[in-house]
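# Structural overview
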Amino acid sequence: MNILRMKIFALSTIVLFFSLIFSGRVSAIDVVATATPPIIDGENNEAQWQKAKWLPIDQVIMGGPLSKQDFQGQYRLLWDANKLYLQVEIVDDRLVDFNADPLDKYWDDDTLEIFLDEDASGGNHQYSYNAFAYHIALDNQVVDITPERTFALFNDHIESRWKRDVNAPHKIIWEAAISLYSDDFDPTKSNSPVSLTAGKKVGFMLAYCDNDNSEVREHFIGSKDVEAVNGDKNRGWIDASVFDTLILSE
Ligand SMILES: [Ca+2]
Ligand SMILES: [Ca+2]
Ligand SMILES: [Ca+2]
Ligand SMILES: [Ca+2]
């Protein structure tokens, strides 16, 4: 390769790198390790959380303009060899669970939704275990869609607990310990969660279904701006390629 070609190659690589960053397609989040797992009790009472950076949940995926009283959210993550740990701070003016059956219209109640793609493969996961779209209801039960196109509980994948802030009753802390399952997950067999190691990449996105007074959810607010297809930004439950990428660091 002569010098001119090398220069053109270097320049085009730099242009590609920056165009990917500014188009939002490169989006990686470093997650720090913790030696001691946080206590999943809905209280921000562990020193280890202070090592983790707050990230916003502020992208309106469905619904009109959003006021600060209606919803505000932020989250942070930690990991160890066994699990990914999530702490979410949510301000929601009214917590509702209109559909009592955990498998019935769970997305129209206040719900924390954790999108997870264990191997960061991206791609369609609507009716497969290529990735999960775990919906955690206010009763802490965890639901997703199966390959048989039914709704099922995955309560042993995520342990969670939320609690109101006594000084700010519309604010809650929601903590979760998440086991990661690979795409060969099979509910008819016994499955072991994947062990986590430094450098591992995991597809991840977070969202909140906010309903206060309506038949169906009023807003769906995510941690990542999803590019709309045919005017629809609500693609996370179908396509894992719209997730962020976590990188587990030391
Ligand atoms: Ca805690
Ligand atoms: Ca609300
Ligand atoms: Ca996958
Ligand atoms: Ca609500």
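Description of the structure in this document. Computed from a predicted model, the values in this text were never measured in an experiment. (Residues numbered from 1 in each chain as written. Chains lettered and ligands numbered in written order. Predicted model: local features only at pLDDT ≥ 70, side-chain atom pairs only at ≥ 80, totals over all residues. Heavy atoms only, no water.)

The calcium ion (ligand 2) binds to the protein through Asp70 (O), Asp70 (OD), Asp92 (OD), Asp93 (OD), Asp210 (OD), Asp210 (OD), Asp212 (OD) and Asp212 (OD), with metal-donor distances spanning 2.3 to 2.9 Å. Spacing between the donor residues of the calcium ion (ligand 2) along the chain follows D-x21-D-D-x116-D-x1-D. (Donors = N, O, S within 2.8 Å, 3.2 Å for Na, K, Ca; no water.)

Quick look at the pairing of strand β5 (residues 84-92) now. Burial analysis of β5 places 9 of its 9 residues in the buried class, which makes it a mostly covered element. Alternating positions in β5 separate into two faces, Leu84, Leu86, Val88, Ile90 and Asp92 on one and Tyr85, Gln87, Glu89 and Val91 on the other, with burial throughout. Bridge count for strand β4 (residues 71-79) against β5 is 9 bridges, and the pairing is antiparallel. Looking across to β5, one finds that Arg76 is bridged to Gln87. (Buried < 20%, exposed > 50% of the residue type's maximum accessible area, 1.4 Å probe, protein only. Helix = DSSP H or I, 4+ residues; strand = E, 2+ residues; numbered from the N terminus. Pairing = 2+ DSSP bridges.)

Between any two of four tetrahedral donors, the ideal angle at the metal is 109.5 degrees; between two of six octahedral donors, it is 90 or 180 degrees. Around the calcium ion (ligand 1), the protein supplies Ile39 (O), Asp41 (OD), Glu43 (O), Asn45 (OD1), Glu46 (OE), Glu46 (OE), Glu175 (OE) and Glu175 (OE) as donor atoms, at distances of 2.2 to 2.9 Å. Donor residues binding the calcium ion (ligand 1) come from one chain and are separated in sequence as I-x1-D-x1-E-x1-N-E-x128-E. For Asp41, a relative accessible area of 14% translates into the label buried.

Of the two faces of strand β14 (residues 244-248), only the one carrying Asp244, Leu246 and Leu248 is buried; Thr245 and Ile247 on the other face are not. Bridge analysis of strand β1 (residues 28-33) against β14 gives 4 bridges, and the strand direction is parallel. Of the residues in β14, the one forming a bridge with Ile29 is Leu246. Pairing analysis gives 4 bridges linking strand β12 (residues 201-210) to β14, with the strands arranged antiparallel. Paired with Val202 across the strands is Leu246, a residue of β14.

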